[in-house]
Amino acid sequence: MRPIYLLLLLLSAISYGQNQLNIPATIETSTIDLTLQEGATQFYSGVSTNTMGANGALLGPTLIMTKGDNVNITVNNQLTDTTTIHWHGMHVAPENDGGPHSIILPGETWNPQFTVMDKAGLNWYHPHLHMQTDRHVSKGIAGLIIVRDAEESGLNLPSTYGVDEFPIVMQTKGFDASGQILVHTELDTSAMVNGTVDAFTDFPAQVIRLRVLNGSSQRVMEFGFSDNRPFSLIGTDGGLLSAPLTNTRYRMAPGQRADILVDLTTSLGQNFQLMSYASELPNAIYGASQPGMGAGATSSLVGYTSNPLNGADYQLLDINVTSPTVGPVLVIPSTLASFTPIAEASANITRSLTFTSAGAMGDLEGPFLINGSSFDMETINYNIPLDNIEIWSITNQTPIAHPFHIHDIQFFILDINGNPPPPELQGYNDVILVPGGMGNIRFIAKFDDFANDTIPFMYHCHMLTHEDMGMMGQFLVTDPSASLEEDNLNVFKLYPNPTNGDNFKIEFSESEEREITVQDGQGRVVKNTSTSLDQFNLDLSGLANGVYTITVIANGNHTSKRIIKQ
Ligand code: C2O
Ligand code: CU
Ligand code: CU
């Protein structure tokens, strides 16, 4: 037996007792201070696990915002790692989005400020440093963002956090033999809600609201209740649906959110469980019993055969229904938000994206490519004119489904494998599971409000191992009406980034006399040189690993970019 199984046996023996569901604290003010920190968490009693969190050892507070708020966020990085924080699902300017270019060095703070423009919905925040996203998310940094608006408050939905509205962050994690969290693992054998394994909670006998996130690194979940009681889906990623949809299951890929009402008015005293019915997941989805489909893909995809959660129905939360609160919500409204999906005919362009595998066919972890390329920090994959209405048509030539996510906007799904989306996918979304084996989805979106000539937005697979290994691209939204009186002398590319220091190049659009300085994380100049070439080799091999700022000075103008040496 490998040590990991010994530990699992040990863990299941000592964790037989149940744990009260953790409910993250809230921050409801428009001044928001988040301190990223390292700490220790006992997922299993007696086993201390090193974790990361915001304002605590694990996860982070739930941020409650209202549309129109001007928020002022300070993210203080007290980790020993460089990282970033991204507001997944929120429509903010690229410089506030927290993608891989907005790095926060250890000991530094980052201060995004923006007006909340989103409709009422559930978003979330998590780190997004290139190649380190899974490490920082799996170690524990993630938090919810609840956005409220006037339309929602007119609906009398349960909206008292922790009383009739409950955060449900579903995750799986893997642990090594000493109880430490595994990164880039397929052995994510522990299921948890809000960081609590074997969780139980009380819900009052009235209409309750669950704000659900699948915050897993890779695993798709099939949300449902043990007694098959129906629930009402009222919202998806970026907003409320037009009317509640009553069902007994909802499939959630990593990164996806759901707004769910459960009518417990006649359930006082009952006990039931929130489950993931992974036995019902079709093949070719991470979490199903068979992860792949098509030529060369079988249950033996490398790295997939040994996880007991694959294809199994497993419990996430044990629920006891207790007395109702004062002034409970007792009815589910029959209509919700009003919105008009963007018409297909209004699109300016269709972009085609294709997923392929760069690894051996049959390797679950790829690496996977988008349009034949792996992510490169210095390559802009698309330039999108501000206010463009675009159709993105995504074809998945790999044997497994990938949850595609895009920053900046919410999209409307036009079709999945040529068929109109089911009612639950007709609202606002920013993650869509693209089926494996030549599956295709098309969505439409408008890229409005925010343009920036230098800072891009990301799109990527939300299976974090895939993202970290390069299944990501980036686009600039630029305003063609703004006059581009840019000084070309200061336009430069750096590559590769990250670099090991050898063969690091700076490329300029034209040759000119320029001064180049390199500063370390403390701002000390560690290199100073000049060139009049249009391509220049900068030898960084003597420098310690870390983040450096490269500044180019031409004609008295300074332009800086950051690089990572590792
Ligand atoms: Cu949830 Cu690009 O991220
Ligand atoms: Cu995002
Ligand atoms: Cu993927």
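Residues numbered from 1 in each chain as written. Chains lettered and ligands numbered in written order. Predicted model: local features only at pLDDT ≥ 70, side-chain atom pairs only at ≥ 80, totals over all residues. Heavy atoms only, no water.

Chemist: Would you take a moment to explain the overall build of the chain for this structure?
Modeler: Within the chain, the regular secondary structure consists of 4 helices and 40 strands. What you see for the chain is a C-alpha radius of gyration of 24 Å, in line with the 24 Å of a compact globule of 566 residues. Principal axes of the C-alpha set define a box for the chain whose edges measure 80 × 55 × 50 Å. Counting every position in the chain, which comprises 566 residues, the buried fraction comes to 58%. A total of about 20,700 Å² of accessible surface is found on the chain, and carbon and sulfur atoms cover 49% of it. Separation between the mean location of the 25 positive side-chain charges and that of the 57 negative ones in the chain comes to 3 Å. (Helix = DSSP H or I, 4+ residues; strand = E, 2+ residues; numbered from the N terminus. Rg over C-alpha atoms; globule rule 2.2 N^0.38 Å. Buried < 20%, exposed > 50% of the residue type's maximum accessible area, 1.4 Å probe, protein only. Areas by Shrake-Rupley, 256 points an atom, 1.4 Å probe, with all protein chains shown as cover. Lys, Arg positive; Asp, Glu negative; His and termini not counted. Charge placed at Lys NZ, Arg CZ, Asp CG, Glu CD.)

Chemist: For this particular structure, what's the right way to read the domain arrangement of the chain?
Modeler: In many reports, interface size means the accessible area that the parts give up when they come together. Taken domain by domain, the chain consists of domain 1 (344–478) and domain 2 (482–565). Relative placement of domain 1 and domain 2: their C-alpha centres are 31 Å apart. (Domains from an automatic or database assignment.)

Chemist: I'm lost on the sheet that holds strand β29 (residues 412–416) in this one. Help?
Modeler: Where strands meet in a sheet, backbone hydrogen bonds hold them as pairs that are either parallel or antiparallel. Strand order in the open sheet formed by 5 strands is β25-β24-β27-β31-β29, with mixed pairing between adjacent strands. With one partner strand each, in any of the chains shown, β25 (368–370) and β29 form the two edges of the open sheet. When strand polarity is set aside, the average angle formed by the axes of neighbouring strands in this sheet is 20°. (Pairing = 2+ DSSP bridges. Axes fitted to C-alpha atoms, helices over the stretch in contact; angles between N-to-C directions.)

Chemist: Looking at this structure, how should I read the coordination of the copper ion (ligand 2)?
Modeler: Reference geometry at the metal: tetrahedral coordination by four donors gives ideal angles of 109.5 degrees; octahedral coordination by six donors gives 90 or 180 degrees. Surrounding the copper ion (ligand 2) are the protein donor atoms H86 (NE2) and H405 (NE2), which sit 1.9 Å from the metal. Residue H86 is found in strand β7 (residues 86–88), and its partner H405 is found in strand β28 (residues 402–406); the two are separated by 319 residues along the sequence. When sorted by exposure, H86 lands in the same class as H405, which is buried. (Donors = N, O, S within 2.8 Å, 3.2 Å for Na, K, Ca; no water.)

Chemist: Looking at this model, I keep getting lost on the side chain of D149. Mind explaining?
Modeler: Residue position: D149 is located in the loop between β11 (143–148) and α3 (150–153). Despite its burial, D149 pairs with no opposite charge; the closest candidate is K67, at 5.1 Å N-O. A polar contact of 2.8 Å, which involves the side chain of D149, links it to the backbone nitrogen of E152. Contacts of D149, omitting those with residues within four sequence positions, involve K67, K119 and A120. (Salt bridge = Lys/Arg side-chain N within 4 Å of Asp/Glu carboxyl O. Polar contact = N/O pair within 3.5 Å; in protein donor to acceptor, adjacent residues only side chain to side chain. Contact = heavy atoms within 4.5 Å.)

Chemist: Is there a simple way to think about the nonpolar core in this case?
Modeler: As a rule of thumb, soluble globular proteins bury nonpolar side chains together. By size, the foremost hydrophobic cluster in this structure holds 89 residues, and its most contacted members are L210, F223, W392, F404, I406 and F475. Those residues in contact with I406, other than ones at most four positions away along the chain, are W392, F411, D430, F443, F447, M458, Y459 and F475. Counting 24 residues, the second largest nonpolar core, distinct from the first, contains L63, W87, W110 and F114. (Core = buried A, V, L, I, M, F, W, Y, C linked by side-chain atoms within 4.5 Å.)

Chemist: Explain the environment of A337 to me, please; I cannot follow it from the model alone.
Modeler: Mapped onto the elements, A337 comes out in the loop between β23 (313–322) and β24 (349–357). For the pair A337 and H460, spaced 123 residues apart in sequence, the C-alpha to C-alpha distance is 29 Å. For A337, the residues in contact, after removing those within four places along its chain, are E151, L240, L241 and S242.

Chemist: Can you walk me through the sheet that holds strand β5 (residues 62–66) in this structure?
Modeler: Pairing is mixed in the open sheet, where 5 strands are placed in the order β2-β5-β11-β10-β7. In the strand order of this sheet, the two ends are held by β2 (26–27) and β7, each with one partner. Of the pairings in the sheet, the one linking β2 to β5 comprises 2 bridges and is parallel in character. The residue bridging T26 from the neighbouring strand is T62, located in β5.

Chemist: Help me understand unusual backbone geometry, please; the structure alone is not making it clear to me.
Modeler: What you tend to see is this: most non-glycine residues have negative phi, and most peptide bonds are trans. A cis amide bond links Y495 with the next residue in sequence, P496, at an omega value of -10°. Inspection of the secondary structure assignment puts P496 in the loop between β34 (492–495) and β35 (504–508). P498 follows N497 through a cis peptide bond whose omega is 0°. Relative to the elements of secondary structure, P498 occurs in the loop between β34 and β35. A positive phi angle is found at N417, which is not glycine, with a value near 50°. With respect to the secondary-structure elements, N417 resides in the loop between β29 and β30 (431–434).

Chemist: Got a minute to help me understand the coordination of the copper ion (ligand 3) in this structure?
Modeler: Distances from the copper ion (ligand 3) to its protein donors, H402 (ND1), C461 (SG) and H466 (ND1), fall within 2.0 to 2.1 Å. For the copper ion (ligand 3), the single-chain donor residues occur in sequence as H-x58-C-x4-H. One end of the pair, H402, is in strand β28; the other, H466, is in helix α4 (residues 464–468), and 64 residues separate them in sequence. On the accessibility criterion, H402 (0% relative accessible area) is buried.

Chemist: Hey, could you run me through the pairing of strand β38 (residues 535–538) in this one?
Modeler: A regular strand places its side chains so that they alternate between the two faces of the sheet. Of the two faces of β38, only one is covered, namely that formed by F536 and L538; the face formed by Q535 and N537 stays uncovered. Pairing geometry for β35 and β38, over 4 bridges, is antiparallel. By the bridge assignment, I506 is partnered in β38 with F536.

Chemist: Hey, could you run me through the confidence of the model for the chain in this one?
Modeler: Note that predicted coordinates carrying low pLDDT should not be read in detail. Summary statistics for the chain give a mean pLDDT of 92 and a share of 93% for residues scoring 70 or more. Contacts from residues 1–6, a stretch scored under 50 in pLDDT, to residues over four places away or in other chains number 9 contacts. For residues 9–16, every residue scores under 50 in pLDDT, and the model assigns this stretch 7 contacts once sequence neighbours within four places are set aside. (pLDDT = per-residue confidence, 0-100.)

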